[in-house]
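# Summary of the model geometry
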Amino acid sequence: MAKEDEILKTFMAHPLLREVYGLNENSLPNSIEEGMKSEIPIVLAITNIVKGVQRKPITSDNDLQRQVLAILNNKVQ
Amino acid sequence: MIIKELIISNYQCYYDDKKFEFTRGSNIILGKNGGGKTKFYEAIEWLFSSNNRDIDELISKKKLNLASPNDPFKVGVEITFEQGEILNTVKKYFTVQKKTDKNFTTTNVVYEGIREYENGERDTMDGAALLKDIFPAKNKLYCMFKGESDLNILKNNDALVNLINLYSKVKHFGPYAEKGRVFREYADKAIEEAAKKDKKIEKRYKELDFEINNLQGKLNDKQIFLQTKYKEKRTLEENIQGVEKHLDNAEAVETIKTRIKDIDEKKKRLENSIDENYTTALFDKNWFLIYFENIQKEFSDKVVALSNERRKQQREFDREVGIKEGEKRATVALFRNVVPLPNDIPSRAIMEEMLSDEICKVCNREAKIGSDPYNFMLQRLNEYILTQKPVLEEEEEGDKIELFKNNYTSRLVNLEAAIDNDLIKVRSIYQTIKDQLEFNQERKNEIDELDRKKDKEIEDLENIIGSSELGQDSLAHTFKNSKGWQRDLTAVNIKIEEYEKSVSEMRKELSPKKDEKEALDSKSVSTYLTQTRKILRDIETIFEETKENKYDEFVKQLQKTANDYLKKINVGSFTGYIEIERRVFNKEQIVEVNLMQDGEIFYHPNTSLQTSMHLAILFAISEMTKIEREECYPLIFDAPTSSFDPIKRKHFFEVLGDCNEQTILLTKDFTDRSENTPGLLYSEEFVNIKRNKAILIRLEEPFDDEILSTINTQVINL
């Protein structure tokens, strides 16, 4: 398993996603590719952050922030 | 990665080229003190360091001595790392050109690097850059250990984080927590700015903002104070435990010192109470009168005798005077009414004639000697003669005539009586002197007894000090410090309780204010903004907690593995257990490694136990990180087990070979040759020591240990 997928999976294993967002194993991605397809704002945001940090060229903090906020604003609305 | 080969050339005690070939697993280099172990370690340190000063000191004196002028030679270290199928060789050296016996020149230090591939192709590279690439400088802290003190790799707070960042996958989670925080702060700010635009809540919002910031600031300050107090408490507990083993001795010393002081004071009082100024007392207190009573007796007898005599004489005198008076009165009675004849009738001559003739020629009667008529005539003659004598004034006064004109005798009698009265005092002098002498002697006896007690106390004191690791002054300080630390600890505990209460109250106070602010946010700001912030807050929580969990897992595993190693090294002996505590404060990772005993920190284990604890942690780190890291680095130890006994040493070497891909260990152990096995170059104990490779280094004989130019270390593969 790629390091980025491993990291994403670790984050997805956090109980908060189950307890607060009611997500189950099926709705949680196993890889960046799967995560990028998610419709769940928090999952998509986390996947984007992991991708931005792990994949080269590394996305700058400002770009990543804009990217994440755009996703969230869009999905939440 | 392992070190495959090391060549030390003309470097200090290593004359010419000395090659060390190493293998995977444990490589043990045996060498007596002064044989070249430390120089071996320093040669590797020099290779890794960028310090190129004082290189003249590095030149082998033997080489310098034997080299011909104008025949240059190299001084340096060459190391070959095996990385999979690739061999990386780095040389660091300088060239020496001898001019005369006392003069030589050196070139600059140069690095050379060669990378040799599996197919035999070789690339020449910048040696310094190659070294940096294959063995980063910060690795040295976790790979090279000189002596036992270097082994405590977790002594600094940042050591664990550095280790994790160097070797563990946990490091990958670090940046996310930071990003999560930045994103959430951005969302907070966006909401705050939007909320402030709502005029209806503006005032209350600002108030809340101010109150929350103010309270949060105070809370942060209090938490910092609290952390400081926790740290203070630990230091105090450590200090107290550190002196605990000396405390009994320190208290005993203090008690004895107090007793000695009491003895000295008592002795001083006794000495002051002794008055032996007898000469002064002889006069000031009239002690010289001690035998005066005999003199007084003699004096008294004489006075009494004198007084008796005087009275006797007085009585005689008084009687005589009385008789005369009587006679006068009788004569007057005899011739009553008759006028007596004058005294001179008959005349003196007639009277003398009649007496001579024994005839009274007045009445013409015989007057024989002794007869009344004769005596009558004689009396008349005497009376006449007496009347013819000159008469003294006093006699003339009649009654005023006294036998003793002055009353000296009475005065003597009075004096004698007065002295006699004072004899009581004189008689008490003997007792006074006796009492004084006895008193002084008793005090002297008491002083002797105190001296004996003091000698005994001093002996006890010396015994305690002799059996203690600390001297008398240190024990005294220990006692004082300990008392002070105990007081400080009580004060710190009170402060901690106070701060904890404050922190708890502040949090309680802060919570409803934050809730109110959040409620205002929800009222005045678009839902999507608050939703976004909520998600970003949750992302921050996920990132932060995941990172923390990963660190905690690592620490937990490290603790477990370390304890496994601790048991392996200390088979059959008491060890306690290692506890690695990690906490985050003010974004700073704080790591505390403690040896625990019965649930309490064992602050001052002996060196051997301490070393085994550090080695256990080191081996655990090595084992854990070799699973996770991409590269494995050799561990190099110089004399890490000086405090170990043979049993512990054996267990240590059993562990050593398995804990890392490669270890190189220098030790003076096992160098005593056995008499039973003369063929062996090492002790019999080493036969049973687990190792993958053993090398002996020793000085080539003959040599003079005071002449460096005779020194050359030999390298013998065992």
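In the block above lies the structure referred to throughout.
Residues numbered from 1 in each chain as written. Chains lettered and ligands numbered in written order. Predicted model: local features only at pLDDT ≥ 70, side-chain atom pairs only at ≥ 80, totals over all residues. Heavy atoms only, no water.

## Side note on the pairing of strand β2 (residues 14-21) of chain B
Residues and elements named next belong to chain B. Here six bridges tie strand β1 (residues 2-11) to β2, and the two strands are oriented antiparallel to one another. Among the inter-strand pairings, Tyr 11 is bridged to a residue of β2, identified as Tyr 14. Counted along the chain from β1 to the antiparallel partner β2, the turn is two residues long, and its residue Gln 12 has a positive phi close to 50 degrees. (Pairing = 2+ DSSP bridges. Helix = DSSP H or I, 4+ residues; strand = E, 2+ residues; numbered from the N terminus.)

## Notes on the packing of helix α5 (residues 61-76) of chain A against helix α6 (residues 174-196) of chain B
Axis separation between α5(A) and α6(B) bottoms out at 11 Å; the angle between their running directions is 60 degrees. With respect to their mutual orientation, α5(A) and α6(B) come out oblique. When you trace α5(A) past α6(B), the crossing you get is right-handed. Only B:Lys179, B:Val182, B:Phe183 and B:Tyr186 of α6(B) make contact with α5(A), whose side of the interface consists of A:Asp61, A:Leu64, A:Gln65, A:Val68 and A:Leu69. For the contact of α5(A) with α6(B), the residue count by class is six nonpolar, one polar and two charged. (Axes fitted to C-alpha atoms, helices over the stretch in contact; angles between N-to-C directions. Parallel < 35°, antiparallel > 145°, perpendicular 65-115°, else oblique. Left-handed = near helix turned anticlockwise from the far one by under 90°. Contact = heavy atoms within 4.5 Å. Nonpolar A, V, L, I, M, F, W, Y, C, P; charged D, E, K, R; others polar.)

## Thoughts on the interface of chain A and chain B
Contact with chain A, which involves 27 residues of that partner, is made by 22 residues of chain B. Summed over both sides, the interface of chain A with chain B buries roughly 2400 Å², with 76% coming from carbon and sulfur. Of all residues in chain A, A:Phe11, A:His14 and A:Gln65 bury the most surface against chain B, accounting for 24% of the area lost on that side. At the boundary of chain A with chain B, the tally comes to one salt bridge. (Buried area = accessible area lost by both parts, 1.4 Å probe. Salt bridge = Lys/Arg side-chain N within 4 Å of Asp/Glu carboxyl O.)

## Looking at the packing of aromatic side chains
Residues and elements named next belong to chain B. Applying the stated criterion across every chain, the model contains 24 aromatic pairs over all chains. Note on Phe 135 and Tyr 633: the rings are 5.7 Å apart at their centroids and 90 degrees apart in plane angle, and the pair reads as edge-to-face. In this pair, Phe 135 sits in the loop between α3 (127-134) and α4 (140-143) while Tyr 633 sits in the loop between α16 (607-628) and β15 (635-638), placing the two residues 498 residues apart along the sequence. Using a relative accessible area of 11% as the deciding quantity, one classes Tyr 633 as buried. With 6.0 Å between their ring centres and 80 degrees between their planes, Phe 644 and Phe 652 make a pair best called edge-to-face. The same class applies to Phe 644 as to Phe 652, namely buried. The structure contains a cluster of three or more aromatic residues connected by ring pairs, namely Phe 145, Tyr 565, Phe 619, Phe 637, Phe 644, Phe 652, Phe 653, Phe 670 and Phe 686. Here the guanidinium or amino end of Lys 74 rests over the ring plane of Tyr 93, the centre of that ring lying 4.5 Å away. Here the guanidinium or amino end of Arg 443 rests over the ring plane of Phe 439, the centre of that ring lying 4.3 Å away. (Phe/Tyr/Trp six-rings, centres within 6.5 Å; stacked < 30°, edge-to-face > 60°. Buried < 20%, exposed > 50% of the residue type's maximum accessible area, 1.4 Å probe, protein only. Lys NZ or Arg CZ within 6 Å of the ring centre and 35° of its normal.)

## Quick notes on the sheet that holds strand β14 (residues 600-601) of chain B
Strand pairing in a sheet relies on backbone hydrogen bonds, with the paired strands running either antiparallel or parallel. All names here are of chain B. The three strands are arranged β12-β13-β14 in an open sheet whose pairing can be described as antiparallel. The open sheet has two free edges, formed respectively by β12 (577-585) and β14, since each of these has just one partner strand. As judged from the two bridges shared by strand β13 (residues 588-597) and β14, these two strands associate in the antiparallel manner. From the neighbouring strand, Gln 597 faces β14, where its bridge partner is Glu 600.

## Considering a nonpolar patch on the surface
Residues B:Leu282, B:Phe283 and B:Phe288 make up a contiguous nonpolar surface patch of about 310 Å² in total accessible area. Along the chain, B:Phe288 turns up in the loop between α8 (278-284) and α9 (292-334). (Patch = residues over 30% accessible without salt bridge, like charges linked within 9 Å, V, L, I, M, F, W, Y side chains within 5 Å. Areas by Shrake-Rupley, 256 points an atom, 1.4 Å probe, with all protein chains shown as cover.)

## Thoughts on α6(B)
Counted at 1.5 Å a residue, the expected span for α6(B) with its 23 residues is 33 Å, and the 34 Å between its end C-alpha atoms agrees. Among the residues of α6(B), those classed as buried are B:Tyr176, B:Ala177, B:Lys179, B:Gly180, B:Arg181, B:Phe183, B:Arg184, B:Ala187, B:Asp188, B:Ile191 and B:Ala195. (Expected span 1.5 Å × (residues − 1).)

## Concerning unusual backbone geometry
One can expect most non-glycine residues to show negative phi and most peptide bonds to be in trans. Residues and elements named next belong to chain B. In this chain, Glu 701 is followed by Pro 702 through a cis amide linkage whose omega measures 0 degrees. Its place among the elements puts Pro 702 in the loop between β17 (693-699) and β18 (713-717). Even without glycine at this site, Asn 10 takes up a positive phi of about 45 degrees. Structurally, Asn 10 can be placed in strand β1. Here Glu 358, not a glycine, exhibits a phi torsion of approximately 60 degrees, which is positive.

## Some thoughts on the packing of helix α14 (residues 472-524) of chain B against helix α15 (residues 527-569) of chain B
All names here are of chain B. It is the contact of α14 with α15, at a shortest axis distance of 10 Å, that shows an interaxial angle of 135 degrees. Here α15 runs oblique to α14, going by the angle between their axes. Taken together, the residues of α15 that come into contact with α14 (itself represented by Glu 518, Asp 521 and Ser 522) are Thr 530, Arg 533 and Arg 537. Residue composition of the contact of α14 with α15, by class: no nonpolar, two polar and four charged.

## Re the nonpolar core
Residues and elements named next belong to chain B. Core analysis: the biggest nonpolar cluster contains 52 residues, and Leu 154, Leu 558, Ile 578, Leu 615, Phe 619, Phe 637 and Phe 652 have the highest contact counts within it. It is α16 that provides the largest number of residues to this core, a total of ten residues. Here Phe 637 is in contact with Phe 145, Leu 151, Leu 615, Leu 618, Phe 619, Leu 656, Thr 663, Ile 664, Leu 665 and Leu 666, once residues within four sequence places are set aside. By size, the runner-up hydrophobic cluster in this structure holds 45 residues, among which are Tyr 11, Leu 64, Leu 130 and Phe 135. (Core = buried A, V, L, I, M, F, W, Y, C linked by side-chain atoms within 4.5 Å.)

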